[in-house]
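# Close look at the chain arrangement
Each chain is listed here by its residues.
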Amino acid sequence: MPMMKFPGYIARSIGLMQAALLLLSSIVIGLSLSAWDMRSTLAEQRREVVLHTQQILNLAEASASRAAWALDLELAREVVSGIIDQPGVMAVEIRVLLQGGADERLVRLENPLPETDALVSWAARRYFVEVSQRSRQLSVSNQGRSEIVGMINVELSPQFAASSFISRVYNRLSVSLIEAFLIGLVLLCLAQWLVTAPLRRAAATIAQIGPESLDDTNYSLTIPRLHQSDEIGQLLDHTNKLLDRLMDSRKELRRLATRDPLTNLPNRTLIQEHLATLLASADRSSRHVAVIFIDLDRFKKVNDSLGHDIGDRLLQRVAITLLGQLREEDSVGRLGGDEFLIVLPVENIKPVIAVVRRIVDALSLPFQIEGHNLRSNASLGIAIYPEDGDSAEVLMRNADLAMYKAKSNPAVKWHLFSEDMSQAVDFGMAMESALAGAIERDELEIHLQPQFDAVHLKLCASEALLRWKYNGRSIPPTEFIEIAETSGLILEIGEWVIGEACKTLRRWGDTALPISVNVSGRQL
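These numbers come from a predicted model, not from an experiment.

## Quick look at helix α4 (residues 118–128)
Since the α-helix packs 3.6 residues into each turn, any two residues three or four apart lie on the same face. Within α4, burial applies to Val120, Ser121, Ala123, Ala124 and Phe128. In a view along the axis of α4, the buried residues occupy a sector of 165 degrees, so they form one face of it. Those residues of α4 that are exposed and aimed more than 90 degrees away from the buried face are Ala118, Arg125 and Arg126.

## A short note on the pattern of salt bridges
Counted according to the given criterion, the structure contains 19 salt bridges. Glutamate 61 is the partner of arginine 136 in a salt bridge, and the nearest nitrogen-oxygen pair spans 3.2 Å. Residue arginine 136 is located in strand β3 (residues 133–142), and its partner glutamate 61 is located in helix α2 (residues 14–70); the two are separated by 75 residues in the primary sequence. A relative accessible area of 26% means that glutamate 61 is categorised as partly exposed. In this structure, the salt-bridge partner of aspartate 103 is arginine 95, at a minimum N-O distance of 3.2 Å. Among the charged side chains, a salt-bridge network with shared partners connects Glu93, Arg95, Asp103, Arg105, Arg108, Glu110 and Glu155.

## Some points on helix α3 (residues 73–84)
For α3, which comprises twelve residues, the first-to-last C-alpha distance of 16 Å matches the rise-based estimate of 16 Å (1.5 Å per residue) to within 8%. Where α3 is concerned, the buried positions are Leu75, Ala76, Val79, Val80, Ile83 and Ile84. Each buried residue of α3 sits inside an arc of 165 degrees when the element is viewed along its axis, so together they form one side. With respect to the buried face of α3, the exposed residues turned more than 90 degrees away are Glu74 and Glu78. Backbone nitrogen of glutamate 74 and a side-chain oxygen of the N-cap are separated by 3.2 Å at the start of α3; the cap is aspartate 72.

## Considerations on the sheet that holds strand β11 (residues 414–416)
Read from one edge to the other, the open sheet built from five strands follows the order β6-β7-β5-β10-β11, with strand pairing classed as mixed. At either margin of the open sheet sits one strand with a lone partner, and together these are β6 (331–336) and β11. The average undirected angle you get between the axes of adjacent strands in this sheet is 20 degrees. Bridge count for strand β5 (residues 288–296) against strand β7 (residues 339–346) is eight bridges, and the pairing is antiparallel. The residue of β7 that forms the bridge with isoleucine 292 is isoleucine 342. Its contacts with the sheet place helix α7 (residues 268–285) against β5, β6, β7 and β10 (378–385), and it is angled at close to 140 degrees to β6. Where helix α11 (residues 392–407) meets the sheet, it contacts β5, β6, β7, β10 and β11, and its direction lies at approximately 145 degrees from that of β10.

Calculation rules
- Residues numbered from 1 in each chain as written.
- Predicted model: local features only at pLDDT ≥ 70, side-chain atom pairs only at ≥ 80, totals over all residues.
- Heavy atoms only, no water.
- Buried < 20%, exposed > 50% of the residue type's maximum accessible area, 1.4 Å probe, protein only.
- Helix = DSSP H or I, 4+ residues; strand = E, 2+ residues; numbered from the N terminus.
- Arc of directions from axis to C-beta.
- Salt bridge = Lys/Arg side-chain N within 4 Å of Asp/Glu carboxyl O.
- Expected span 1.5 Å × (residues − 1).
- Polar contact = N/O pair within 3.5 Å; in protein donor to acceptor, adjacent residues only side chain to side chain.
- Pairing = 2+ DSSP bridges.
- Axes fitted to C-alpha atoms, helices over the stretch in contact; angles between N-to-C directions.
- Contact = heavy atoms within 4.5 Å.

Encoded structure:
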């Protein structure tokens, strides 16, 4: 069963949550008891309707019998008029029995139907229609035997009975809800005194403990005398023990939060914070800051073929090599996997190029690790502040783009960032987003290029060429196939092309010629 969800301001306070639960529980219990009581109230109201009708018939039976026997219209009207004025009576009718067994109305009076709301009308139709009509035979004593002379019919208003029933239900429901609310209020006060108030005091004490207070000798929580041996006391005691353990591990946590555990280099968070600090200083002094993004070219192959232990040893050796190529004011950090980042405060681009060349040369030399002769060639991307970005995030992103540009050409080991790279990435992302919905928007189409038999000079086949109509122009495959393959959209597009070619062959029927379809190697 899903847990009940409270609004945020209630969920943040156990006192409010406790109050809400107690009050809701009391109201639900009160409503449940009221619903059970409603059944007995309905049965009681229906019995009262029947009893009221029978009482009316008992009072009017003798006079109505005489009127029916004597066919006394005036007496019959007096009887009916006396009944019709009774509360809730809707219609009264006296009928006389004629010779031959037929009957005939002697007199009938009706009250107009009262105007009621939808709830009363529904309750009247549902529960009171069948009990609101009663009839009784009228008889007189003739020569020592009873003779039936007619019938009296009384119809009570079901709306009157339903309105009375709903009024009684409302009254009882109001009383039940008030009782439930009062009970919940009493329980809430007890819970506040016994549970919430002690927990609130304990929470206030815990809230005063900050990271700096763990360095003090007296950071333990005081256990109230009332709760020395109960659950609250146990909670505070366990909290004190946890604080002791946190104190012992705080230094290690500080180190792990800012250092890569494998190479002991600054991690992404620390190197990015250091870069932001350098940028602020460079902005005041009008200096430059170079960001070098490094990615090892064959590290995954080393991991897959020789195992992660050898891969970890290689990363450690690379970290040592990078540190050996830098000045004291330079910084290097490991971003994760086989990616490293170097930050250089410089006056111009010349020392950056010199460092990059030293790194390329150093990483091209083989590393001897457990009998394996490993080369860790790398691709480097360079971004310069402020020309290539004004924040740490932008500079790291642009250096990453420059690194991928270098990686795309095996002959190039490093590359400087240019604005064209960012524009190409933005264009590629926009094209990928648009291409994702091209099939649904019916933007793709097949052009059939005919193939002729040069010997017999006749059409022998055709090749299906894919075209994309986007923003009013036809985009050739050379501009979007590579995007489709790198994003995985080529699978869906390839299936669509094959399907369209098959549909074309089906339309051609017996005159069909072969259609060639280009299939991506990834789809194969």
